[in-house]
Amino acid sequence: MTARAGRRPRGPLAGLLVALVLAGGCVVGGVDEGAPQQPGPERPRQSAAPGAERTRADGTTSVAEFKEDLAAAVDQAEVYWTAQFRESGRRFEPIRRVVAYQREGEVSCGGQALPRNNAVYCSAGDFIAYDVNWSVSAFRQVGDAFLYYLLGHEYAHGVQVRLGIRYDFTIQQELQADCMAGAYVGGSIRAQQLTLEEGDLEEFREGLLAVGDDPDQPWFAEGAHGTAEQRTDSFFRGYESGLSACNLG
Ligand SMILES: [Zn+2]
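Worth saying up front: this structure is predicted, and the values here are computed from it rather than measured.

### Focus: the packing of helix H5 (residues 170–190) against helix H7 (residues 228–241)
For the pair H5 and H7, interaxial distance at closest approach is 6 Å and the crossing angle is 35°. When you trace H5 past H7, the crossing you get is right-handed. Along the contact surface, H5 presents Ile-171, Leu-175, Asp-178, Cys-179, Ala-181, Gly-182, Ala-183, Val-185, Gly-186, Ile-189 and Arg-190, while H7 presents Gln-230, Arg-231, Ser-234, Phe-235, Gly-238, Tyr-239 and Glu-240.

### Quick look at the side chain of Asp-178
Its location among the elements puts Asp-178 in helix H5. By relative accessible area, which is 0% here, Asp-178 ends up buried. If we skip the residues at most four places from it in the chain, Asp-178 touches Tyr-149, His-153, Arg-231, Ser-234 and Phe-235.

### Focus on the state of the cysteines
This model, assessed by the stated rule, comprises 2 disulfides. The disulfide partner of Cys-109 is Cys-122, and the S-S distance across this bridge is 2.0 Å. Every disulfide takes its handedness from the sign of the S-S torsion; for Cys-109 and Cys-122 that torsion is 90°, giving right-handed. Placement of Cys-109 in strand S2 (residues 108–109) and of Cys-122 in strand S4 (residues 119–122) is noted, with a sequence separation of 13 residues between them. Each of the two residues, Cys-109 as well as Cys-122, counts as buried. Sequence-ordered numbering of the bonded cysteines in the chain gives a disulfide pattern of 1-2, 3-4.

### A word on a nonpolar patch on the surface
On the surface, a cluster of nonpolar side chains totalling about 340 Å² of accessible area is made up of Phe-169, Trp-219 and Phe-220. With respect to the element layout, Phe-220 can be found in the loop between helix H6 (200–210) and H7.

### Quick look at empty space enclosed by the protein
Enumeration according to the criterion identifies 3 cavities of 30 Å³ or more in this entry. Every residue lining the largest cavity is counted, 16 residues in all, and those nearest its centre are Phe-66, Leu-70, Ser-135, Leu-150 and Leu-151. For the lining of the largest cavity, the secondary-structure elements that each account for two or more residues are helix H2 (63–87), strand S5 (127–131), helix H3 (132–142) and helix H4 (144–163). Broken down by element, the lining of the largest cavity gets its largest block of residues, 5 residues, from H4. Residue composition of the lining of the largest cavity, by class: 13 nonpolar, 2 polar and 1 charged.

### What about the pattern of salt bridges?
By the definition in use, this model includes 5 salt bridges. Arg-116 is paired through a salt bridge with Asp-131; the nearest N and O atoms lie 3.8 Å apart. Residue Arg-116 is located in the loop between strand S3 (112–113) and S4, and its partner Asp-131 is located in strand S5; the two are separated by 15 residues in the primary sequence.

### Section: the pairing of S4
Neither face of S4 is open: one carries Ala-119 and Tyr-121, the other Val-120 and Cys-122, and all of them are buried. Here S4 folds back onto S5, and the loop between the two strands holds 4 residues, one of which, Asp-126, carries a positive phi near 50°.

### With respect to the packing of H4 against H5
Here H4 crosses H5 at 115°, and the two axes come no closer than 8 Å. Crossing geometry of H4 relative to H5 is assigned as right-handed. Contacts between H4 and H5 pair Tyr-148, Tyr-149, Leu-151, Gly-152, His-153, Ala-156, His-157, Val-159 and Gln-160 from the former with Gln-173, Glu-174, Gln-176, Ala-177, Asp-178, Met-180, Ala-181, Tyr-184 and Val-185 from the latter. Residue composition of the contact of H4 with H5, grouped by class: 10 nonpolar, 6 polar and 2 charged.

### Overview of the side chain of Ser-188
By the element assignment, Ser-188 lies in helix H5. Each residue touching Ser-188, except ones within four places of it in the same chain, is listed here: Gln-76, Tyr-80, Ala-183, Gln-193 and Leu-194.

### Re the nonpolar core
Counting residues in each nonpolar core, the largest one holds 48 residues, and the members touching the most others are Trp-81, Tyr-148, Leu-151, Tyr-155, Val-185, Phe-204 and Phe-235. Every element with two or more residues in this core is listed here: H2, S4, S5, H3, H4, H5, H6 and H7. Here Val-185 is in contact with Met-1, Tyr-148, Leu-194, Phe-204, Phe-235 and Tyr-239, once residues within four sequence places are set aside. Counting residues in hydrophobic clusters, the runner-up holds 9 residues, among them Val-99, Tyr-101, Leu-114 and Ala-129.

### What about H7?
With 14 residues, H7 extends 20 Å from end C-alpha to end C-alpha; this agrees with the ideal 20 Å at 1.5 Å per step. Buried within H7 are the following residues: Ala-228, Arg-231, Thr-232, Ser-234, Phe-235, Phe-236, Gly-238 and Tyr-239. Elements in contact with the buried residues of H7: H4, H5 and H6. After H7 finishes, the residue Gly-242 shows a positive phi value of roughly 85°.

Definitions and cut-offs
Residues numbered from 1 in each chain as written. Predicted model: local features only at pLDDT ≥ 70, side-chain atom pairs only at ≥ 80, totals over all residues. Heavy atoms only, no water. Axes fitted to C-alpha atoms, helices over the stretch in contact; angles between N-to-C directions. Helix = DSSP H or I, 4+ residues; strand = E, 2+ residues; numbered from the N terminus. Left-handed = near helix turned anticlockwise from the far one by under 90°. Contact = heavy atoms within 4.5 Å. Buried < 20%, exposed > 50% of the residue type's maximum accessible area, 1.4 Å probe, protein only. Disulfide = S-S within 2.5 Å. Patch = residues over 30% accessible without salt bridge, like charges linked within 9 Å, V, L, I, M, F, W, Y side chains within 5 Å. Areas by Shrake-Rupley, 256 points an atom, 1.4 Å probe, with all protein chains shown as cover. Salt bridge = Lys/Arg side-chain N within 4 Å of Asp/Glu carboxyl O. 1 Å grid on protein atoms, 1.4 Å probe; cavity = no way out; pocket = protein on both sides within 12 Å on 5 of 7 lines; lining within 4 Å. Points joined across faces, edges and corners; volume = space filled by probe spheres on them. Nonpolar A, V, L, I, M, F, W, Y, C, P; charged D, E, K, R; others polar. Pairing = 2+ DSSP bridges. Core = buried A, V, L, I, M, F, W, Y, C linked by side-chain atoms within 4.5 Å. Expected span 1.5 Å × (residues − 1).

See the structure below:
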């Protein structure tokens with residue numbers, strides 16, 4: 001995935017790390033609404049699809065490259081959402097900040113220290129915060145396209161807040177955010193603001209497969225995000241059909 005020019009190297013997909021992405025990947029709607037989710041058990045996931053490694057490069061992505069890509073993803077999210085809001089006659093206020101952290105407690109949200117190995121949208125302060133070491137590792141192993149998904153998902157939580165969307169169940173909020181992330185990526189590609197590179201769609205599929213809940217997780221559980229199938233369906237519904245598929249009302 002590229003916002004302008006340039007290749008984005010991808011590392012080999014490692015099940016464990018991808019599981020971490022999922023486990024800690026999201027504190028929904030802000031820690032002010034409850035205790036931060038602790039990263040879940042590190043469970044091995046289905047490994048990558050056969051042949052997946054063929055598409056992956058050397059994995060030597062630097063922190064600087066990661067930050068550059070993340071900044072591009074944030075910029076694009078602002079462009080995308082500004083345009084969507086404008087279409088409905090509203091002004092979009094970008095999410096205030098995107099903050100990197102390295103240590104537990106370095107960043108707090110609504111008085112709660114954010115744990116390591118996490119990425120979150122904090123509604124209390126209207127910012128996205130991410131553990132930079134953990135994120136860079138995930139970036140190296142899953143690939144750059146997946147970074148757009150993760151940023152798109154967290155950014156979508158900020159948009160939900162702006163739209164006053166608040167579902168009864170976590171899973172509804174999460175699957176909608178996946179759909180909105182898909183709409184952001186797909187819409188940006190159709191607008192030729194992002195360019196899909198070879199292997200990117202596969203990265204999305206693999207990444208989404210990896211961030212699904214355990215099949216035995218009750219759908220109504222606090223913190224439920226949806227099964228791999230549900231999350232993949234939601235993301236690609238938004239990707240293909242745009243925001244109209246996401247029930248924004
Ligand atoms: Zn989420």
